[in-house]
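Fold and geometry: a report
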Amino acid sequence: MLRVGIVEDETKWIERIRQNLERYSSEKNVEIETGVFRDGIEIVENYRADLDVLFLDIEMSSMNGMEAAEKIRRKDSEVIIVFITQVARYAVKGYEVGALDFIVKSFSYEIFCMKMDRICRQAESNQVKNVTLNINDDVYKLSSTKILYVEVIKHHLLYHTDEKVLETRGTLKAAEELLTGMGFAKCNSCYLVNLRHVKAILGNDVLIGQERLQISRAKKKEFVQAVADHLGGI
């Protein structure tokens, strides 16, 4: 299932993209679910981090696509953004918000199909590593590769990334289950470490970025082996 959002204020282009998606779905045997948002404000105010792809018009009256994309990226680092534009040069700035691609509004189905092939490959890759977190009334989606480590304090989980810390309620066991198969290991009862970010093991500490986390005596042998296995698999 590919969940697609179309953010466009002109009906003719909404229908054009929707028809192309339906044709692509039929020809490629890809199940696609489509939602429509009429302007940037609507998508930003209602964004739930549950979409795989956003076709986002750059030029809209209430809030342009670039501004909307910047706000969406604060909640969702992984949604695939494809800008829709009248003029190709307007889309160049899109790479600042991690846009995958852009389409010019005179596009043919053949061009659209090529773009969708690339989108589907990226979406398949994303689905393997994405993590969705419920925080207060918001939903955040991020790549597990961007998580440095998870910390538990009482009944709160802190997901440390190189950009921010996301806090939610839960147990370290629940975080372990969520991140199973994604290259994480416990160094003690308080920390679940992303092995790809281990810089060094210094005595009874593990260096993650600029931080040193303590390795418990009970976990040291198992943790050191997990680091070695990870390095051997790279």
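Right, let's walk through the structure included here.

Criteria and cut-off values
Residues numbered from 1 in each chain as written. Predicted model: local features only at pLDDT ≥ 70, side-chain atom pairs only at ≥ 80, totals over all residues. Heavy atoms only, no water. Salt bridge = Lys/Arg side-chain N within 4 Å of Asp/Glu carboxyl O. Helix = DSSP H or I, 4+ residues; strand = E, 2+ residues; numbered from the N terminus. Buried < 20%, exposed > 50% of the residue type's maximum accessible area, 1.4 Å probe, protein only. Contact = heavy atoms within 4.5 Å. Pairing = 2+ DSSP bridges. Axes fitted to C-alpha atoms, helices over the stretch in contact; angles between N-to-C directions. Phe/Tyr/Trp six-rings, centres within 6.5 Å; stacked < 30°, edge-to-face > 60°.

Quick notes on the pattern of salt bridges
- Taken as a whole and assessed by the stated rule, the structure comprises 15 salt bridges.
- A salt bridge links R23 to E27, with the nearest nitrogen and oxygen atoms 2.9 Å apart. Residue R23 and its partner E27 are both found in helix α1 (residues 11–28); the two are separated by four residues, about one turn of the helix.
- The residue R118 makes a salt bridge to D101 at a minimum N-O spacing of 3.3 Å. Taken together, the residues R118 in helix α4 (residues 109–129) and D101 in strand β5 (residues 101–104) connect sequence positions 17 residues apart.
- Here D101 falls in the buried class, since its relative accessible area comes to 11%.
- Counted as one network, the salt bridges with shared partners bring together E8, E10, D57 and K105.

A short note on unusual backbone geometry
- Non-glycine residue N29 carries a positive phi angle of around 55 degrees.
- As for its placement among the helices and strands, N29 is situated in the loop between α1 and β2 (32–37).
- On the accessibility criterion, N29 (72% relative accessible area) is exposed.
- The backbone of K154 sits at a positive phi, close to 55 degrees, despite the residue not being glycine.

Some thoughts on the side chain of H160
- Relative to the assigned elements, H160 resides in strand β9 (residues 156–161).
- The exposure class of H160 is buried, given its relative accessible area of 11%.
- When near neighbours in sequence (up to four residues on either side) are disregarded, H160 contacts K146, I147, L148, Y149, E151 and V165.

Observations regarding the sheet that holds strand β12 (residues 191–194)
- Strands sit in the order β10-β9-β8-β12-β11 across an open sheet of five strands; the sheet is antiparallel. Strands with a single pairing partner mark the edges of an open sheet, and in this sheet they are β10 (165–169) and β11 (184–188). Strand-to-strand twist across the sheet, computed as the mean angle between neighbouring axes with direction ignored, equals 20 degrees.
- As judged from the four bridges shared by β11 and β12, these two strands associate in the antiparallel manner. Looking across to β12, one finds that F184 is bridged to N194.

With respect to the packing of aromatic side chains
- The final tally for this structure, using the stated rule, is four aromatic pairs.
- For the ring pair W13 and F107, a centre distance of 6.2 Å and an interplane angle of 45 degrees mean the geometry is tilted. Of this pair, W13 sits in helix α1 while F107 sits in the loop between β5 and α4, and the two are 94 residues apart along the sequence.
- For W13, a relative accessible area of 10% gives the class buried.
- Assessed through its relative accessible area of 4%, F107 is described here as buried.
- For the ring pair Y149 and Y191, a centre distance of 5.7 Å and an interplane angle of 80 degrees mean the geometry is edge-to-face. With Y149 in strand β8 (residues 147–153) and Y191 in strand β12, this residue pair connects regions lying 42 residues apart in the sequence.
- Y149 sits in the buried class, given a relative accessible area of 2%.
- Members of the aromatic cluster, each reached through a chain of ring pairs, are W13, F55, F107 and F112.

Quick word on the sheet that holds strand β3 (residues 53–57)
- The strand order β2-β1-β3-β4-β5 describes an open sheet built from five strands, whose pairing is parallel. One side of each edge strand has no neighbouring strand; the edge strands of this open sheet are β2 and β5. Going across the sheet, the axis of each strand differs from the next one's by a mean of 20 degrees, ignoring polarity.
- Judged from the five bridges that link them, β3 and strand β4 (residues 80–85) form a sheet pairing that is parallel. Counted as the bridge partner of L56 is F83 from β4.
- Taken strand by strand, α1 contacts β1 (2–7), β2, β3 and β4, and its axis lies near 175 degrees from that of β2.

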